[in-house]
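Architecture at a glance
Next come the chains, spelled out residue by residue.
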Amino acid sequence: MKVVDMQHTGWEMGHMLRERLPLLVGLFSLLLPTIYSLSTGLWQETEHAHSFALLALLAWMFWQKWSAYEAIDKKPHYGLAFLLLIPTLAAYVLGRSQDIVMLEVGAFISILISLILIDRGWRAVRFYWFPLFFIVFLIPLPSAVVDLLTGALKNQVSAVAEMILYNAGYPIARTGVVLSVGQYQLLVADACSGLNSMFSLLTVGCLYAYLVGDGGKLRNAILVFAALPIAFAANVIRVMALILLTYHFGAEAGQGFAHDFAGILLFAVALVAIFALDKFLGLFLKKSMGQNEQAFA
């Protein structure tokens, strides 16, 4: 049985906090106002409700590997850290003062890199590469980009759904994102574009490849990039299912509960497809020994 010296452990923790107090004060003086603004604003919207879970996951990722981080030799790069930190702080101030959320949140990637450079050096930055990269998924896209992508995806989803159902013998026609089937007309709305499911599945795909992906870089890369076409295909199936429900059972059948449930079900199916693809790739791509070094202990 291992006996833990709680007094010694507490002293080490206190020493660690005192040693990094200026860095922690600086970080949280920027981080807490941003989290408060987001949690009372943007993150209240349905499209960004997952951000709370992502933030908690990020905190866990940094904490999970903290002991190994502490064991890294200290080789700080002060000059490079401050060279990076100064323009980053300017970008943060600009983003926060002008309500440019993408700039405000994105600045934290460079801020954390700078603080890690001051505390430990480049080796520690490489050690925490995935949590640092994962912050990207907390950065909201500009509304103009979202509108552009949503419009393009809605057109593609509508076109593919129309083509498949027309070839299957259904009386369907399309005008832009309006699909006419029988006596019904259905508008492919923004929520049906699949952008949110693509983003969510890409996030899960990256996390899955990092945590449990052990088949080498090629296999992990395929898993990540496969998330986009899988999400697109799942959304096409969702739109087709709603069209068929409407055509066979009436307008009310394709709305309400069926509409929401179809989205949840198809996202779950897309997740299963990612896992199944991983198993399939495992038949051809041998596992790389040592690849798990980047996974969590």
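Bear in mind that the values here come from a model prediction, so they are computed numbers and not experimental data.

Once that is clear, we can look at the overall build of the protein. Each helix and strand counted, the protein has 12 helices and three strands in total. Burial status across the protein gives 39% buried among its 297 residues. Considering only residue pairs separated by 6 or more positions, the protein has 75% of its internal contacts joining residues 24 or more positions apart. As displayed, the protein offers around 17,000 Å² of accessible surface, 69% of which is attributable to carbon and sulfur atoms.

Moving on: the packing of helix 5 (residues 78–97) against helix 6 (residues 101–119). Contact geometry of helix 5 with helix 6 gives a least axis separation of 8 Å together with a crossing angle of 160°. Classified by the angle between their axes, helix 5 and helix 6 sit roughly antiparallel to one another. Where helix 5 crosses over helix 6, the two elements pack in a sense that is left-handed. Here the contact of helix 5 with helix 6 is built from residues that sort into 17 nonpolar, four polar and two charged.

Leu58, Ile111, Ile116, Phe130, Leu132 and Phe134 are the most contacted members of the largest nonpolar core, which has 40 residues in total. Residue assignment for this core shows that the elements contributing at least two residues are helix 2 (21–39), helix 3 (51–64), helix 5, helix 6, helix 7 (122–127), helix 8 (129–134) and helix 10 (195–211). Element by element, the count of residues in this core is highest for helix 6, at 12 residues. Excluding its chain neighbours within four sequence positions, the residues that come into contact with Phe134 are Leu54, Leu57, Leu58, Met61, Thr203 and Leu207. In terms of nonpolar packing, the next biggest core, distinct from the first, is built from 16 residues, Leu153, Ile230, Ala234 and Leu271 among them.

Turning next to the packing of aromatic side chains. According to the stated counting rule, one finds 16 aromatic pairs in the structure shown. When the ring of Tyr92 is compared with that of Phe108, the centres are 5.6 Å apart and the planes differ by 80°; the resulting orientation is edge-to-face. Placement of the pair is Tyr92 in helix 5 and Phe108 in helix 6, with a sequence separation of 16 residues. Tyr92 sits in the buried class, given a relative accessible area of 5%. Connected via pairs of aromatic rings, a cluster forms that spans Trp129, Phe130, Phe133, Phe134, Phe137, Phe199 and Tyr210. Across the ring face of Tyr69, the terminal group of Arg120 is positioned such that the distance to the ring centre comes to 5.6 Å.

A word on the environment of Phe199. Within the element layout of this structure, Phe199 appears in helix 10. Taking relative accessible area as the criterion, Phe199 reaches 26% and is therefore assigned partly exposed. Separated by 62 residues in the primary sequence, Phe199 and Phe137 have C-alpha atoms spaced 8.2 Å apart. Setting aside its immediate chain neighbours within four residues, Phe199 contacts His50 and Phe137.

What follows deals with the packing of helix 10 against helix 11 (residues 217–249). Look at helix 10 against helix 11: their axes get within 8 Å of each other, and the N-to-C directions meet at 160°. By the criterion of interaxial angle, the relationship of helix 10 to helix 11 is roughly antiparallel. Between helix 10 and helix 11 lies a crossing of right-handed hand. Of the residues in helix 11, those in contact with Ser197, Met198, Leu201, Leu202, Gly205, Cys206, Tyr208 and Ala209 of helix 10 are Asn220, Leu223, Val224, Ala227, Leu228, Ile230, Ala231 and Phe232. Taken together, the residues that form the contact of helix 10 with helix 11 break down as 13 nonpolar, three polar and no charged.

Next up on the list: unusual backbone geometry. A positive phi angle, near 60°, is found at Asp99, a position not held by glycine. When its relative accessible area of 61% is taken as the criterion, Asp99 is described as exposed.

This brings us to the sheet that holds strand 1 (residues 172–175). Pairing is antiparallel in the open sheet, where three strands are placed in the order 1-2-3. Each having just a single partner strand, strand 1 and strand 3 (184–187) make up the two edges of the open sheet. Averaged over all pairs of adjacent strands, the angle between strand axes in this sheet comes to 20°, irrespective of strand direction. Looking at chain direction, strand 2 (residues 178–181) and strand 3 are connected through four bridges and run antiparallel.

So, how was this worked out
- Residues numbered from 1 in each chain as written.
- Predicted model: local features only at pLDDT ≥ 70, side-chain atom pairs only at ≥ 80, totals over all residues.
- Heavy atoms only, no water.
- Helix = DSSP H or I, 4+ residues; strand = E, 2+ residues; numbered from the N terminus.
- Buried < 20%, exposed > 50% of the residue type's maximum accessible area, 1.4 Å probe, protein only.
- Contact = heavy atoms within 4.5 Å.
- Areas by Shrake-Rupley, 256 points an atom, 1.4 Å probe, with all protein chains shown as cover.
- Axes fitted to C-alpha atoms, helices over the stretch in contact; angles between N-to-C directions.
- Parallel < 35°, antiparallel > 145°, perpendicular 65-115°, else oblique.
- Left-handed = near helix turned anticlockwise from the far one by under 90°.
- Nonpolar A, V, L, I, M, F, W, Y, C, P; charged D, E, K, R; others polar.
- Core = buried A, V, L, I, M, F, W, Y, C linked by side-chain atoms within 4.5 Å.
- Phe/Tyr/Trp six-rings, centres within 6.5 Å; stacked < 30°, edge-to-face > 60°.
- Lys NZ or Arg CZ within 6 Å of the ring centre and 35° of its normal.
- Pairing = 2+ DSSP bridges.

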